[in-house]
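Breakdown of the fold
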Amino acid sequence: MDFNQPAGTNLFDNARVIGKPTPRIDGPLKTTGTAPYAYERHDVAPDAAYGYILGAAIAKGRISAMNVAEARRAPGVVAIVAAPDVAPVGKGMGNVAPLFGGSDVAHYHQAIAVVVAETFEQARAAAALIRVDYDRTPGAFDLARAAPHAGAEEQDDGAGDGGDPQSQQTPKRIGDFADAFAAAPVKVDATYTTPDESHAMIEPHATIAGWDGDKLTLWTSNQMIAWSKSSMAKILGIAEENVRLDSPYIGGGFGSKLFVRADAVCAALAAKEAGRPVKIALQRPLIANNTAHRHATIQRIRLGAGRDGRITAIAHECWSGNLDGQSGEDGTAQTPVLYAGANRLVASRVTHLDLPEGNAMRAPGEAVGHLALEVAMDELAEATGMDPVALRLANEPTGEVPGKPGTRYSERNLTRCLTEGAERFGWARRNARPGAVRDGRWLVGMGVAAGYRGAPTQKSAARVRLEADGLLVVETDMTDIGTGSYTIIAQTAAETMGLPLDRVSVRLGDSAFPAAAGSGGQWGAASSTAGVYAACVALRRKIGEQLGFAADDATFADGRITAGDRSWALTDAGAQVAEDGIAFGDFQKGYDLGTYAGHFAEVAVDAFTGVTRIRRMLAVCDAGRILNPMSARSQVIGAMVMAAGGALMEELVVDTRFGLFVNHDLAGYEVPVHLDIPHQEVVFLDTVDPVSTPLKAKGVGELGICGPGAAIANAIYNATGIRVREYPLTLDKYLDQLPQVA
Ligand code: MOS
């Protein structure tokens, strides 16, 4: 099905199943511990041996010698694959460093050997007996030093001579920023930093690999099945049809599992060497340095405005670093879209760093971009003496997207998000004077931030099979990373075929099924349900041809079909199967497809200890038709928790001498726990977006992390009058200033 123009009125506008709060159909499996995750698929390869990955102990250099003799003699050892014996593989599969092989070390904890043994403990013990000698070379491990011009005055035209800047995105200019900023009566010029962050998903990267002749099956945990199948074929030099990935349940991804990682590659190589299936879970302490993380950023924002708060000049520059010196964290992503302003400058610069690979983590770009832009807006509100909500309303664009000439908003209701949010949150009770509200020992404050996240679409296919007894089976390689894909896909099929939800069975994550959009970039829900709709429309037409009616004019409801004055049972044509997908037309390029939110937070800061407690959070979201308010709310709540973590505690601490993340486990990498998170409220506006998909839906999984962190930072400022621009906002950064307030 080609989606070549905005959707007109269709069956989803009178939906019975879509849009209704629906408990997850996979919920019982999850809550009873019977959903089979990759490492626990004991049935698929009962004879699997255990693999254990040895990570490099240096950040940059060469393995000069590796001795595995003693390890080979250790009890239970089945096979050892040493990186120096294998050609480097896996670079450029969406990632930037080799996943295994060769003697060169590009980053700390790069996989350099895999030991296979009868038990996990034997493999681990043997790995400890491998002797490695290295030639270490110096590396660049400190973003602030590698990007020496970050925050500097002369940065309008790209980096100067210092550091090793490899990639200079040409600044995007509209109008004349420098002149307009110089002339603006009110100015903000501030630099914000965000640290490296870890996805910290519960389920580690894990794979069971089994060869049957030259055919490889990977029971794994992966967000993007079709991409990863293709990557594995290239890595191993085998035909794509000889690779199968199966990933029905995934214990969290957040972008960490968009691409194949060392677990899959090492399991495949080790299984070949061992002559039997091998299972590998990346050891938790290996994940932070072996895989990918969200890049640290340095972001400078300059806002020039009239005394009426209307922005006349806006500049956002972002610096980040990566192994390839090219793929960075673009914190500017939301800036062309969110606010009006005639004179604009946006630039994202990436420098070379020898730290482990930076890559996509939930809302890459925008998640940290809001931590800068939406605090700068708070600073502008104060400088103009305006209310922060009113300031944002005063800068609502009219007409085209101000930073993307020739592009229109497909649907944008940010003003409603902010005004309805302010009303619900009791924003009018906020005291604009910082540090003015006390509750015993607590300093109390409120903050607001706008939120934007792009809502791209990706082609997506499915197969639907109506069985003779009326059960509808949906098959697509779409994944469910804890997001609720199973349920919204079942809802879509039930709606389109006129069946109750319990007559639909959904099978996901197997590369043998038609290729779907996968879970990434907040495109999964909207794209995959559109693909399932397309397949169901094909099935309706097929049934129509058999029974002699025009399917597009017929009504499918309650297990029956009605066309004019004729009526059939859905199963009257017997068992049927159809396959189709959705392809999104170029007309979408004329639009900025986005999702919006108004985020509000109330915090209390202990006047004596500096401890910050979040008291309330609210998100009012504008994200098209909400397919399942229950799972969508869960997505936004989870993202708000993650945003709170980013604002207050999450940080991969860089050892800038040796080039590694020091706190590389869940004991040292702090994420919010229940006690850190208060009551959260999520409201969805009843909006639809006909430009997006036939269901007029958009994603929400990443919207929820775009803005709440800034709302928390602004609330801390409102509570204390102390502005910290270096995330996370841990109390050591403001405790010394508290006595002046308290
Ligand atoms: Mo998302 S960071 O594209 O999984």
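Placed above this text is the structure.
Conventions and cut-offs
Residues numbered from 1 in each chain as written. Predicted model: local features only at pLDDT ≥ 70, side-chain atom pairs only at ≥ 80, totals over all residues. Heavy atoms only, no water. Phe/Tyr/Trp six-rings, centres within 6.5 Å; stacked < 30°, edge-to-face > 60°. Helix = DSSP H or I, 4+ residues; strand = E, 2+ residues; numbered from the N terminus. Buried < 20%, exposed > 50% of the residue type's maximum accessible area, 1.4 Å probe, protein only. Pairing = 2+ DSSP bridges. Axes fitted to C-alpha atoms, helices over the stretch in contact; angles between N-to-C directions. Contact = heavy atoms within 4.5 Å. Left-handed = near helix turned anticlockwise from the far one by under 90°. Nonpolar A, V, L, I, M, F, W, Y, C, P; charged D, E, K, R; others polar. Expected span 1.5 Å × (residues − 1). Arc of directions from axis to C-beta. Core = buried A, V, L, I, M, F, W, Y, C linked by side-chain atoms within 4.5 Å.

Scanning the model with the defined rule gives 17 aromatic pairs in all. Considering the side-chain rings of F12 and Y533, the 5.1 Å spacing of their centres and the 65 degrees angle between planes classify their relative orientation as edge-to-face. Of the two residues, F12 is situated in the loop between β1 (2–3) and α1 (27–31) and Y533 in helix α14 (residues 524–547); the sequence distance between them amounts to 521 residues. F12 gets classed as buried once you look at its relative accessible area, which sits at 1%. Taking the relative accessible area as the measure of exposure, Y533 reaches 12% and is therefore buried. An aromatic cluster is defined as three or more aromatic residues linked by ring pairs; in this entry it consists of F3, F584, F587 and Y591.

Let us look at the sheet that holds strand β12 (residues 215–220). Strand order in the open sheet formed by 7 strands is β4-β6-β2-β14-β11-β12-β13, and the pairing between neighbours is mixed. Looking at strand neighbours, the two that pair on one side only are β4 (77–82) and β13 (243–246), the edges of this open sheet. Strand after strand, the sheet turns through a mean of 20 degrees between neighbouring axes, direction not considered. Seen against the sheet, helix α6 (residues 225–236) touches β11 (206–212), β12 and β13 and runs at an angle of roughly 140 degrees to β13. Strand contacts of helix α7 (residues 262–274): β2 (49–55), β4, β6 (111–117), β11, β12 and β14 (278–281), with the helix running at about 35 degrees to β11, the strand carrying the most contacts.

Orientation of helix α10 (residues 366–384) relative to helix α16 (residues 708–720), taken along the N-to-C sense of each, is 35 degrees, at an axis distance of 8 Å. Between α10 and α16 lies a crossing whose hand is right-handed. For the pair formed by α10 and α16, the contact residues are H370, L371, E374, V375, D378 and E382 on the first element and G709, A710, A713, N714 and Y717 on the second. A class-by-class count of the residues in the contact of α10 with α16 yields 5 nonpolar, 3 polar and 3 charged.

Attention now moves to helix α12 (residues 414–425). When the terminal C-alpha atoms of α12 are compared, their 16 Å separation across 12 residues agrees well with the 16 Å that a helix rising 1.5 Å per residue should span. Within α12 the residues assigned to the buried category are L414, C417, L418, G421, A422 and F425. Viewed end-on, α12 has its buried residues packed into an arc of 120 degrees, placing them on one side of the element. Where α12 is buried, its residues contact α9 (335–338), α11 (388–394), β20 (442–454), β29 (594–606) and β30 (612–622). Just beyond α12, the residue with positive phi is G426, at close to 75 degrees.

We now examine the sheet that holds strand β3 (residues 61–67). If you walk across this open sheet you meet the 3 strands as β5-β3-β7, and the pairing is antiparallel. Strands with a single pairing partner mark the edges of an open sheet, and in this sheet they are β5 (104–105) and β7 (131–136). Direction of pairing for β3 relative to β5: antiparallel, over a ladder of 2 bridges. Across the sheet, residue R62 finds its bridge partner in β5, namely D104.

Okay, unusual backbone geometry next. In this structure, the amide linkage connecting Y727 to the following residue, P728, adopts the cis form with an omega of -5 degrees. Mapped onto the elements, P728 comes out in the loop between α16 and α17 (738–741). With phi around 50 degrees, A200 is a residue other than glycine that occupies positive phi space. Inspection of the secondary structure assignment puts A200 in the loop between β10 (186–194) and β11. Residue class for A200 comes out buried when judged on its relative accessible area of 18%. Non-glycine residue D558 carries a positive phi angle of around 55 degrees. Mapping D558 onto the fold places it in the loop between β24 (555–557) and β25 (560–563). Here D558 falls in the exposed class, since its relative accessible area comes to 61%.

The biggest cluster of nonpolar side chains holds 80 residues, and the ones touching the most others in it are L303 and I712. Here this core gets 9 residues from one element, more than from any other, and that element is α10. Aside from chain neighbours lying at most four places away, what touches L303 is F181, V186, K187, V188, I311, A313, I314, A376, M377 and L380. Ranked by size, the runner-up nonpolar core spans 58 residues in total, among them V105, L216, A271 and L286.

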